[in-house]
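Survey of secondary and tertiary structure
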Amino acid sequence: MAKQWTPQEQMLLRMTSEFTANEIAPLDLQIDHAGRYPDGLFEQVVATGFLSVMLPHEFGGAGFGPEVTAEVVRRVAEGNASMAATLEGHYKTVYQMLKYGTPALQAKYFPTAGQRIFGFGMTEPTGGSNPMSIRTTAVRQGSDWVLNGNKIMITNGGLAEVYCVLAKTGPQELSVFVVDQDMPGFAFGKRENFIGLRGTPVGEIFMNDVRVSDDYLLGKVGQGGEIGDSAHDDARILMGAVLTGIMDHALGLATSYAKERKAGSTPIGELGSIQRKLADIAMGRETTRLLYQNAAALHAAGQPYSEEATMAKAYGSRTAVAACDDALQVFGGYGYSRDYPLAHLIADARALEIAEGTVEKMRAAIAAAELAK
Amino acid sequence: MKIVVCIKQVPESNNVKFDPVTHNLMRGGMSGRINPFDKNAIEAALRLRDAVGGEVALLSMGPDSTAEILRDGLAMGADSAYLLSSRAFAGADTLSTGYVLAQAVRQIGNVDLTLLGRQAVDADTGQVGPIMAVNLNQPQATYATQLTANGNQLTVVRDLDSLTQTVELPLPAVITVRAEANTPRYETPLHIQQSFEKQVTIWRDTDLDLDPEKLGQKGSPTVVRKVYAPEAKTRAQTALPSEPAAAVDQLLVIMQQHGLI
Amino acid sequence: MTEAIWIVAEREPARINPVTFQLITKAKAIAKGKKVVVVLLEAPDQQFEQAISEYGPDEILLGQNVAYAQASDEVMAGALTTLAREYQPNAVLFGATPLGRSIAPRVQAALQTGLTADCLDFFYEDDLLVQVKPSYGDNVMCEITCPDRRPQMASVRPNTFAAEKVAGAMPAITPVEVAQTTGPQGRVVDETVRVSHATGIASANKVLALGRGAATPADIANAREIASRLGASVGVSRPLTDLPDFTVEQQIGQSGTTIAPDFLLNLGVSGATQFIVGMTQAKLVVSVNRDAQAPIFAQSDYTFTGDAAAFITALKQRMN
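The residue count restarts for each chain, going from 1 along the sequence in the order it is written. All chains are assigned letters beginning at A, and all ligands numbers beginning at 1, according to the order in which they are written. Per-residue local features of the predicted model are confined to residues with pLDDT of at least 70, and side-chain atom pairs are confined, for both listing and counting, to 80 or more; whole-chain, interface and lining totals are unaffected and use all residues.

Right, let's talk about the domain arrangement of chain C for a bit. The domain boundaries here were taken from an automatic or database domain assignment. As assigned here, chain C comprises domain 1 (4-176) and domain 2 (206-319). In this complex, domain 1 of chain C contributes 7 residues to the contact, which on the side of domain 2 of chain C involves 8 residues. The contact rule is simple: place each C-beta atom from the backbone, and if two of them lie within 7 Å, those residues are in contact.

Here you go:
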């Protein structure tokens, strides 16, 4: 059943669509080519209040729920997936600080959560799928914790000013701490040169004897694995929204091209081979939309949503890559040109087969959940 | 500074259709939006408020559904909103509309500045601002592109197409704002939520000090006696030769015959 | 006294706006025995009455005062209101320029009568001035009247009518004295004539209009070269104002400029309503478009169905 938005939500979504159409979408190709947001764009996104969409009222945010927040991300993604991924990385981090942060931590950081980006660092250079293999440590010194290590491939790394980081507090113990760029011992590293989502900075941070109090511990000591999983779940819903937006973008391009472009005197949209592709893109878009919206609705209702969120991303990412590939084929030679968005849409979608858990890991998680039933 | 911004609800699109049988204008089912120029007026008001302090109230006249566009203005950051809604106002032309809005500004009280968009995109008159100014016995600056608060007066730059005019206006005053004045801000998520917590004050004709002779159709000197689609006059459409070179040759001959070269 | 049609002369710092002359010619054509009177408020040293006389109004009411050199809307509207109360004209016409559209409604409100904005036509039916006004962005035409109150007031869109001089015209010039306007008023501290673009299209005799079908850098460069040889100005349809080469100053149409050249060559312009309304007063119209169904053709005396770039290239070669 189609979601009935409240009047407030309708106004938020209309504003999001206008903002995306006027301010973001015209820069889509430019963002991909330059590999960064043009000067002023991110600042305008912040000034218009997008960072505080889901931040609760008591912290100065707009307090919108998970479903409409995901819809905001989808609408932004329809204009430019990178900017949607930037919002996703921020929202997912703020969600964890809301769920697990101490009142002191929330009081310190949330007043600025609408003005600056928060990021979540899990991956390390010596990675591997076992979180216990990370090398970042947090060691007790008096009543403080001292953090050492580095994190890579952080969504918004370098752009974000506040970071949740996963660290080992014991040989078999993971915990999450909050650090920020103004702390002594904190430093930024290099930015990745990815093939897709090229506007979204993805970067590295270093912690060299960064000292924090217990207030900066998210949840309890040893709760790091759970918090990491929770961050994945929230990210995966929003990534389902990003993927749906990418497919909306591709479908919009492909249908208008199919109506205009003629083979002889017939628009190619009347050809069965083209229609089949358009139908496949539309079905993929719709399936992914239903998956992430279902997971968001479960989140809003306070029910478990981990498996459903995982499905949205695992299914949506491969589906979106195929959908954008179909759209490229509709465009023929133009589709293969970097002067058209199809190439970067494929690469954008491809990122989400890897980020926040590879599709292989996610299938294992879905299977495990089903086997446990 | 206490600022009132008058805003109008206009159709979503100007692509109006005529009933093929009755030739009446079909407006039914068209959703409304805030007149685009009025957003420039709201933006100008918010900037003045942010520069010198004060408050921004929105004012509109129309059916109760007009509350939606007032909500939009509140979501841009205006402080309060008033809606003038009454059957007695129906059929008002610019003279009557300007009178009622001016009386509402008096009722709001202690208003230093009344702002409007340069004109509404549906009727395209731009008359209501000056009419309000006369009713309020205030000076005006229309087609403003710059507004600078300067003690108890405003320095206003007017773009009059062929002329740029700078006027010092004593307050209170009425100003209409061109699109060139600013880029209106978007509604923000926080202001959207807050706008639904604010009350839109609805005033009926009986809530204002009004002369009944000046209301609605009775108070409107003009009569729209006919509405129709513009007649498509067509010209001869003589085809030039299909080869560009030959076509150009003939064009030059035609131009010579008309004394153009 | 014969009833009069008033035309309020629009004074720019150094000239009379041509719309004033256009209104004189049009008013004379529809006057049906009414006197056509121009109201001119100017500084004593300006003497614009001479230029106005050439268009043959029956009379000029001439108010001269240093205060009119740089007058606020309040001063201008106050003086006109006083004069209208004294002389009781049947109709008062303004040019629908920003200035005319600012002053007219102040006079209207003071006189408590009707005013129609931005008329495209007007005519008398007996004593009733029928005013034809576009609405909804020129998609609708309205006939508006003001049956019970006088004067009947309208502002009229510039370049809608041709202005014609009358040989040997000697209108009566009647000096009028108007008391200083009192009450709150603005003070005009500066007036600067805007430097109009070198290729101003509003007053051009010949115009080359470029649309989406002639928007490549080569098309634009070639069109400019042809225009300079023909002594024409280059205008554009609305989509081309998005190009760095053009602004709304070169835009022909409802949201741009209404033009009335002797010759208009449309190159790759499809002819959206909003463009058409800005060019209907052009005398000879030739249009080039790839699409034989393009609406611009219905508004054209001569048509060429084909590629605008090829036509431009051929024209450029022929002119060299």
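On we go.
What follows covers the interface of chain A and chain B. Taken together, the contacts link 15 residues of chain A with 9 residues of chain B. Under this grouping Gly is polar, as are all residues other than the nonpolar Ala, Val, Leu, Ile, Met, Phe, Trp, Tyr, Cys and Pro and the charged Asp, Glu, Lys and Arg. A class-by-class count of the residues in the side of chain A that touches chain B yields 8 nonpolar, 6 polar and 1 charged.

Moving on, we come to the sheet that holds strand E12 (residues 173-177) of chain B. Strand order in the open sheet formed by 10 strands is E13(B)-E7(B)-E6(B)-E1(B)-E8(B)-E12(B)-E9(B)-E10(B)-E11(B)-E13(C), and the pairing between neighbours is mixed. For this open sheet the edge positions go to strand E13 (200-203) of chain B together with strand E13 (187-193) of chain C, each flanked by a neighbour on one side alone. Across the sheet, the mean angle from the axis of one strand to that of its neighbour is 30 degrees, orientation sign disregarded. The pairing of strand E9 (residues 140-150) of chain B with strand E10 (residues 153-159) of chain B spans 6 bridges and is antiparallel. When the bridges of E10 of chain B are listed, Gln 146 of chain B appears paired with Val 157 of chain B. DSSP calls a pair of strands paired once it identifies at least 2 bridges connecting them. The secondary structure listing takes helices from DSSP runs of H or I that are at least 4 residues long and strands from runs of E that are at least 2 residues long, numbered from the N terminus. All axes here are fitted lines through C-alpha atoms, helices being fitted over the stretch that makes contact, and every angle between N-to-C directions spans 0 to 180 degrees.

Moving on, we get to the interface of chain B and chain C. Where the parts come together, the accessible area they lose is often given as the size of the interface. Taken residue by residue, the interface counts 69 residues in chain B and 70 residues in chain C. Among the secondary structure elements, those contributing two or more residues to the side of chain B that touches chain C are helix H3 (94-108), helix H4 (128-135), E9, strand E11 (163-170), strand E14 (223-228), strand E15 (238-239) and helix H6 (244-257) of chain B. At 9 residues, H6 of chain B tops the list of elements feeding residues into the side of chain B that touches chain C. Here the residues of the side of chain B that touches chain C are counted per class, giving 38 nonpolar, 22 polar and 9 charged. One ladder, built from 2 bridges, connects E15 of chain B with strand E18 (residues 302-305) of chain C; its direction is parallel.

Residues and elements named next belong to chain A. On domain assignment, one finds that chain A holds domain 1 (7-112), domain 2 (118-222) and domain 3 (226-371). Computed from C-alpha atoms alone, the centre-to-centre distance between domain 1 and domain 2 is 22 Å. Of the residues lining the interface, 24 residues belong to domain 1; the matching set on domain 2 comes to 16 residues. Of all elements in the fold, only helix H2 (28-34), helix H5 (81-100) and helix H6 (103-109) reach the threshold of two or more residues within the side of domain 1 that touches domain 2. It is H5 that provides the largest number of residues to the side of domain 1 that touches domain 2, a total of 13 residues. A per-class count over the side of domain 1 that touches domain 2 returns 11 nonpolar, 10 polar and 3 charged.

As a further point, take the packing of helix H7 (residues 224-260) of chain A against helix H9 (residues 306-331) of chain A. All names here are of chain A. Axis separation between H7 and H9 bottoms out at 8 Å; the angle between their running directions is 20 degrees. Judged by the angle between their axes, H7 and H9 are roughly parallel. With respect to the hand of their crossing, H7 and H9 are arranged in left-handed fashion. Of the residues that constitute the contact of H7 with H9, the class distribution is 18 nonpolar, 6 polar and 4 charged. By definition in this entry, angles of less than 35 degrees are roughly parallel, angles greater than 145 are roughly antiparallel, angles of 65 to 115 are roughly perpendicular, and the rest are oblique. Helix crossings fall into two classes, left-handed where the near helix is turned counterclockwise from the far one by less than a right angle and right-handed where it is turned clockwise.

We now examine the environment of Thr 303 of chain C. Among the structural elements, Thr 303 of chain C can be located in strand E18. Residue burial is a threshold on neighbouring C-beta atoms within 10 Å of the residue's own C-beta, all placed from the backbone, with 20 or more meaning buried, 12 or fewer meaning exposed, and counts in between meaning partly exposed. Looking at Thr 303 of chain C, the number of C-beta atoms within 10 Å reads 25, which means it is buried. A sequence separation of 168 residues divides Thr 303 of chain C from Ser 135 of chain C, and the C-alpha atoms of the two residues are 30 Å apart. With sequence-adjacent residues up to four places away left out, Thr 303 of chain C is seen in contact with Gln 237, Ala 239 and Leu 240 of chain B together with Ser 287 and Phe 297 of chain C.

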